[in-house]
Structure formats: C-alpha cells, structure tokens
Amino acid sequence: MNEDLRDIVLGVVAAGVSAQLGWLARTYLWRRGLRRKQAFFGLPGNSECLLVVNREATGEGVVHRFDVFALLELSALIKDCGAQAQIVQHDVARQGFGDRTEFCVGGPYSNRRMAAHLSTLLPGVRINNFEQGTEDRGAFLIGAEQYRLDAGTTEYVLLARLTAGEGGRPVFLFCGQRAITNQAATRYLARHHERLARKYRSNSFVLLLKVVNAQAYGPDVVELVADVTRAAQAPYPEPEPSTPAAT
C-alpha cells in the first residue's frame, strides 16, 4: 500500500514538473517570437507609431473602404506588439522618419506622403498618372520594367520596409494600383511577417506583389513577383538622347 501511494505521489509530482516545464517552454517561445516581431516592426512595448492614410478620389477626407480594411489589418499587428497607433491624414503628416515606425497606405496621387517617400527613398520607381487615359495609366515603372494595370484581373502593389533617419525605426509602404491592392499587401505582411523577418532581419526590402483576379477573390490571392529592392532604390534611368538621323 505504501509503495502504491508512493508511486501515485511520484506520478503527480512528475506530471506537475512536466506541465511546469511545458508552460515555461511555451512562454519562452512566445516571448522570443514577440521580441522578433517587435524588432521587425520597430514596435517595442508601449511605443507609438503612425498610420498615414490617403483620401478617396471622390471626396475630401474620405478614406476608401478597402484602405479602411488595410488599416484594420495593420492595427491588429500593432496591438499584438503592445504598441499604440496614431492615425493621421497624408497631408498633415509633416514630420521626418526614423523616430517612429510609420505605415503609409495609398498611391502617390492620393497620398502626398507616399509621393514624398517614393521620391526620397525609392527614386527608381515611377507610377503613371491615372488621369492620362491611356492603356499605361497607373502602370508601375521599376528600373527598366513596366507593370501594367488590368483592373480586377491583374494588379500590382509595392510592399516595402525601409530604414532611414537617425532613429532607425522602419517605414512600411503599401503602394498599390488600386485600393484593394493596398489591403492585399497588408494582409500579405500579416501572413508572412515571420518569414520576411527571418530573410531580411532589420534590413530594407521592396517587394512587388501581384493581386490575381481581385474581382473574384478580393485581396486574398497574392503572388510574389520579385524582390525589386535594388532597382527601386537606384536612381531612375534617364532615357538616352536620340541621335539625329544621318543625312
């Protein structure tokens, strides 16, 4: 009887020790994952960041519903890091970068701050004006490559993590050909940030993503086209001057 009781006590103790060790291991892994996530996003606990929003073309101060969805995707990531977000309109965000993490959503023609970031940080990127009314309207020009918009079928978006400024906090850009592609880029970041953190660590990157058949699948089907970091950060190639024809 004593031996049976001893076996029972030893079993209970062993189970308790195993449970405690398991809890400690899970806590350690969770904290390590949180630290990596905070480092990737530049969002230590209780820090502040900026969510810079654009405007819809049809109304002053109106944010497109897909951009609102993009903000919700980002807000969940920020909350998971234990940070706080300040939402500001693109035309009142007059400050530098590096002191606080920034998430900037929208193309350069609806978001002045995005236009400034492209000009300063990604000089190798050009985006055709949507008002030109040609088949190339809204096309991305990255280095020597062009990526045309086929609305609802094939659309492109740039997802970038850039480090600049003295503070070293990153700037995340979600620059798409349409609002739904901005949401697609934020969803892609939310799903793949762990892989991106392992690959790029704290370095800058610029990814070109393709949103496939958005009219049927919404922002869910996204393909990685290429890492265009080098081409996007290099000066945009100027066209060579034409030589006069020989007479």
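Since the model is a prediction, treat every value here as computed from it, not as a measurement. Residue numbers here run from 1 along each chain, matching the order of that chain's written sequence. The predicted origin of the model limits local features to residues at a pLDDT of at least 70 and limits the giving and counting of side-chain atom pairs to 80 or more, whereas totals for whole chains, interfaces and linings rest on all residues. Calculated side-chain values reflect all of the structure's heavy atoms, with hydrogen atoms and water omitted.

**Q** Help me out: how do you make sense of the pattern of salt bridges in this one?
**A** Opposite charge on two side chains permits them to pair, given that their charged atoms come into close proximity. Here, a salt bridge means any Lys or Arg side-chain nitrogen found within 4 Å of an Asp or Glu carboxyl oxygen. Enumeration over the complete set of coordinates arrives at eight salt bridges. For E48, the salt bridge identified is with R100, shortest N-O distance 3.4 Å. Taken together, the residues span a long stretch of sequence, with E48 in strand β1 (residues 48-53) and R100 in the loop between β2 (84-89) and β3 (101-105) at a distance of 52 residues. Relative accessibility decides the category of a residue: with a 1.4 Å probe and only protein chains considered, values under 20% of the type maximum give buried, values over 50% give exposed, and everything between is partly exposed. With a relative accessible area of 44%, E48 lands in the partly exposed category. Assessed through its relative accessible area of 23%, R100 is described here as partly exposed. Helix numbering and strand numbering both begin at the N terminus, where a helix is a DSSP run of H or I of at least 4 residues and a strand a DSSP run of E of at least 2.

**Q** Please explain the layout of surface pockets as it appears in this structure.
**A** With a probe scaled to a water molecule rolled over the atoms, the places where space remains empty come into view. Considering only enclosed or pocket space, the second largest pocket measures out at about 410 Å³ in volume. Every definition here rests on a 1 Å grid over the protein atoms only: cavities are sets of points where a 1.4 Å probe fits but cannot get out, pockets are open sets enclosed by protein on both sides within 12 Å along at least five of seven lines, and lining residues have some atom within 4 Å of a point. Lining the second largest pocket are 13 residues, and of these R36, K37, E194, A197 and R198 lie nearest its centre. Looking at the lining of the second largest pocket, the elements that each hand over two or more residues are α1 (2-41) and α4 (179-200). Ranked by residue count, the leading element in the lining of the second largest pocket is α1, at seven residues. Residue polarity is assigned by list, with Asp, Glu, Lys and Arg as charged and Ala, Val, Leu, Ile, Met, Phe, Trp, Tyr, Cys and Pro as nonpolar; anything else, Gly included, falls into the polar class. In terms of residue class, the lining of the second largest pocket is built from four nonpolar, three polar and six charged. Grid points are joined across faces, edges and corners, and a volume is the space filled by probe spheres set on the points.

**Q** So what exactly am I meant to see when it comes to the nonpolar core here?
**A** The nonpolar side chains of a soluble globular protein tend to be buried, and buried together. Ranked by internal contacts, the top residues of the largest apolar core, which has 34 residues, are F41, L43, F103, F174, L189 and L209. Looking at which element gives the most residues to this core, the answer is α4, with eight residues. Here, the term nonpolar core denotes a set of buried Ala, Val, Leu, Ile, Met, Phe, Trp, Tyr and Cys residues that are joined through side-chain atoms within 4.5 Å.

**Q** Is there a simple way to explain the confidence of the model for the chain in this structure?
**A** Summary of the metric used: pLDDT quantifies the predictor's per-residue confidence within the range 0 to 100. For the chain, per-residue confidence averages 85 on the pLDDT scale, and residues scoring 70 or more make up 81% of the total. The secondary-structure element of the chain with the lowest mean pLDDT is α1, recorded at 72, while strand β9 (residues 205-212) shows the highest, at 97.

**Q** Even after reading the chapter, I still don't get the packing of aromatic side chains, so can you show me in this structure?
**A** How two aromatic rings sit relative to each other is set out by the distance from centre to centre and by the angle between their planes. Note on aromatic contacts: the rings of Phe and Tyr and the six-membered ring of Trp form a pair at centre separations within 6.5 Å, being stacked when their planes are under 30 degrees apart, edge-to-face when over 60 apart, and tilted otherwise. Going through the model one piece at a time under the given rule, you end up with nine aromatic pairs. Relative to F172, the ring of F103 lies with its centre 5.2 Å away and its plane at 15°, an arrangement referred to as stacked. Within this pair, whereas F103 is found in strand β3, its partner F172 is found in strand β8 (residues 170-176), the two being separated by 69 residues in sequence. One exposure class covers both F103 and F172, and it is buried. What links up through ring pairs into an aromatic cluster is the set F40, F41, F103, F172, Y200 and F205. Charge-over-ring contacts are defined here by two conditions on Lys NZ or Arg CZ: a distance within 6 Å of the ring centre and an angle within 35 degrees of the ring normal. Across from the ring centre of F66, 4.4 Å away, lies the NZ or CZ of R65, which sits over that ring. For R161, the ring lying beneath its charged end belongs to F40, and the centroid distance is 5.2 Å.

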